[in-house]
Amino acid sequence: MLGFMFRILALAALVLTPMAARAQTAKAKNVILFLGDAGGLPTLNAAGIYANDRPLSLFLHTMPHVGLSETSALDNWVTDSAAGMTAIMTGHKTRNGMVSMVPRGQGFIEPQTILEMAERRGLSTGVITNMPIWDATPAVCYAHAEKRSDRASILRQLFAPRYGDGPDIIVGKDRPTLDQVIAPDSQAALFGKLGYQAVNDPAELRADMKRAIAITDSDFDPQHAVETAVRSLGKNRKGYFLMVEWDMHTDDLAKGLTHAIEMNNLIRRIAQVAGKDTMILFVADHSFGVRLPSSPRTQPLAAQVAATGQGPTAAISVDPTHTGEEVVAAAMGPGSERVRGFFSNTALFDVIRRAFGWPKDERTR
């Protein structure tokens, strides 16, 4: 009898092991990268207490796979958004200020970004930000520039992509700069040629818009824009890649913490609607100088901030600058098990690439 039981257990192991292996290496059809600009651990900690008067109270704190990402730039221990996002989107560290360009010998290379790789493979793509659409973080997804300040070149590349037809959903700010680079009376023809339906307010986006652009100068609720983008992009049988940036700089303390809470709530909602074949990854490009040096639990943090006119208090200090400590990366969905331990920010490129099941691709222009 004992020998028979051993044979049964051995057979079960042979049957179950491949299933377990497949479960651990499941591919993601879609990937959504949520980028908290300056949303380091100190900001997330303060945001949870600010919103809920208790620690570990954000949805981000419940995500099953967590790691710590080192964020230095190639030329500085403290990164800016251009170099930080370039590392994530290309797997290469670069100098501060460079947009998806990397020094190599006496010149530069322009490695493909995750968005460009998705476009080359026929996936749908999207870029949503509450910052200018040409700003460093969104620009890294679709453009290559030696200087992040080269707005004209960056915007022109948005509408003249190297691969595919460029982002299908575009949401961001700074219409005056767009109007300077592309004359307003030429925009309708350009957008029509590229298949975009243009709206003035992200609230006007609809899921039946296959390609849409919304450039605004006002703050907007991210939930409608992102949820609509997910439903639109999700119609592509090949899948999609979506990057969502939300500014969390806390030099304006109340505004920065409110933005962190907004993104947290957004991720909670998108996790409900995106589907089990979607990997959701949150990470910050860099941290920021906000700290809780002393904060009595008897005094709600939100009340203290409000009492000082939305500024720093004895309970929370702000050194308004980027800082170089590791930032949290939190993930869920297929491929998210690779987010663990300490790693370089460049490793997140491979997390996304491997989640999609793409081979390593170092091709440059």
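Note that the structure is predicted; figures quoted are calculated from it, not measured.

Definitions and limits used
Throughout, a residue's number is its position along its own chain's written sequence, starting from 1. Thresholds applied to this predicted model are a pLDDT of at least 70 for local features of residues and 80 or more for the giving and counting of side-chain atom pairs; totals over whole chains, interfaces and linings are not thresholded and use all residues. Processing note: side-chain calculations cover all non-hydrogen atoms of the structure and skip hydrogens and water entirely. Residues grouped as a nonpolar core are buried Ala, Val, Leu, Ile, Met, Phe, Trp, Tyr and Cys residues, joined through side-chain atoms within 4.5 Å. Exposure classes here rest on a 1.4 Å probe applied to the protein chains alone. A residue is buried below 20% of its type maximum, exposed above 50%, and partly exposed in between. Here a strand is any run of E in DSSP of at least two residues, a helix any run of H or I of at least four, and the numbering for each starts at the N terminus. Between two residues, a contact is recorded if the distance between any of their heavy atoms is within 4.5 Å. Angles here are taken between N-to-C directions and fall from 0 to 180 degrees, while the axes themselves are lines fitted to C-alpha atoms, restricted in helices to the stretch in contact. Angular relationships are summarised with four words: roughly parallel below 35 degrees, roughly antiparallel beyond 145, roughly perpendicular across 65 to 115, and oblique for the angles in between. Helix crossings get a hand from a simple test, with the near helix turned counterclockwise from the far one by less than a right angle marking a left-handed crossing and a clockwise turn marking a right-handed one. Residue polarity follows a fixed list, in which Ala, Val, Leu, Ile, Met, Phe, Trp, Tyr, Cys and Pro are nonpolar, Asp, Glu, Lys and Arg are charged, and the others, Gly among them, are polar. Counting of polar contacts relies on pairs of N or O atoms within 3.5 Å, with two restrictions inside protein: one atom must be capable of donating a hydrogen and the other of accepting it, and residues adjacent in sequence are counted only when both atoms are side-chain atoms. A residue's pLDDT is the predictor's confidence in that residue, given on a scale from 0 to 100. In this analysis, the expected span of each helix is defined as 1.5 Å times one less than the number of residues it contains. Pairs of strands are assigned from DSSP output, requiring at least two bridges between the strands.

Let us look at the nonpolar core. Leu 33, Met 85, Met 89, Phe 159, Phe 241 and Leu 281 are the most contacted members of the largest nonpolar core, which has 54 residues in total. The element contributing the most residues to this core is helix 12 (residues 347-356), with six residues. Among all residues touching Phe 241, those that are not within four sequence positions of it are Val 31, Leu 33, Met 89, Ile 114, Leu 115, Ala 118, Ser 124, Thr 125, Gly 126 and Phe 356.

Moving on, we come to the side chain of Ser 72. Tracing the chain through its elements places Ser 72 in the loop between strand 2 (65-70) and helix 3 (81-90). Residue classification places Ser 72 among the buried residues on the basis of a relative accessible area of 9%.

What follows concerns the packing of helix 9 (residues 222-233) against helix 10 (residues 253-273). Interhelical geometry of helix 9 versus helix 10 gives an angle of 25 degrees and a closest axis separation of 10 Å. The orientation of helix 9 with respect to helix 10, classified from their angle, is roughly parallel. The interaxial crossing formed by helix 9 with helix 10 has right-handed handedness. Across from Pro 222, Gln 223, Val 226, Glu 227, Val 230 and Arg 231 in helix 9, the residues of helix 10 making contact are Leu 266, Arg 269, Ile 270 and Val 273. For the contact of helix 9 with helix 10, the residue count by class is six nonpolar, one polar and three charged.

One can find Gln 112 in the loop between strand 4 (107-109) and helix 4 (114-120). There is a polar contact of 3.2 Å between the side chain of Gln 112 and the side chain of Arg 120.

This part takes up the confidence of the model for the chain. Summarising the model, the chain shows a mean pLDDT of 92, and 91% of its residues fall at 70 or more. Segment residues 14-23 is flagged for pLDDT under 50; beyond a separation of four residues in sequence, or across chains, it makes one contact in the model.

Here we come to the environment of Ala 46. With respect to the helices, strands and loops of the structure, Ala 46 is situated in helix 2 (residues 41-52). If near-sequence neighbours (up to four positions away) are discounted, Ala 46 is found in contact with Leu 257, Leu 301 and Ile 316.

Moving on, we get to unusual backbone geometry. Peptide bonds are, in most cases, trans, and in most cases residues other than glycine have a negative phi. Positive phi, close to 75 degrees, is recorded for Ala 38, a residue that is not glycine. Along the chain, the position of Ala 38 falls in the loop between strand 1 (30-37) and helix 2. Even without being a glycine, Asp 174 presents a positive backbone phi close to 85 degrees. Taking the relative accessible area as the measure of exposure, Asp 174 reaches 14% and is therefore buried.

On to helix 9, then. Look at helix 9: 16 Å from first C-alpha to last across 12 residues, which is about the 16 Å you get at 1.5 Å a residue. With respect to burial, helix 9 is a largely interior element, nine of its 12 residues being buried. What helix 9 keeps buried is the set Pro 222, Ala 225, Val 226, Glu 227, Thr 228, Ala 229, Val 230, Ser 232 and Leu 233. On its buried face, helix 9 is in contact with strand 1, strand 5 (124-132), strand 6 (169-173), strand 9 (240-247) and helix 10. Where helix 9 begins, one side-chain oxygen reaches toward the backbone nitrogen of Gln 223, 3.0 Å away; that side chain belongs to Asp 221.

Attention now moves to the pairing of strand 9. Extensive coverage of strand 9 is indicated by the burial of eight of its eight residues. Burial of the side chains of strand 9 extends over both faces: Tyr 240, Leu 242, Val 244 and Trp 246 are buried on one face and Phe 241, Met 243, Glu 245 and Asp 247 on the other. Of the strand pairs in this sheet, strand 1 and strand 9 are connected by eight bridges, and their pairing is parallel. Looking at strand 9, one finds that Val 31 is bridged to Phe 241.

Here we take up the sheet that holds strand 14 (residues 341-344). Sheet architecture is open: 10 strands sit in the order 7-8-6-5-9-1-10-13-2-14, paired in mixed fashion. Each edge of the open sheet carries a strand with a single partner, namely strand 7 (197-199) and strand 14. Recorded for the sheet is a direction-independent mean angle of 15 degrees between the axes of neighbouring strands. When strand 2 meets strand 14, the two strands line up parallel, connected through four bridges. In the sheet register, Gly 67 faces strand 14, and the bridge partner there is Gly 341. Against the sheet, helix 3 engages strand 1, strand 9 and strand 10 (278-284), with an angle of about 160 degrees to strand 1.

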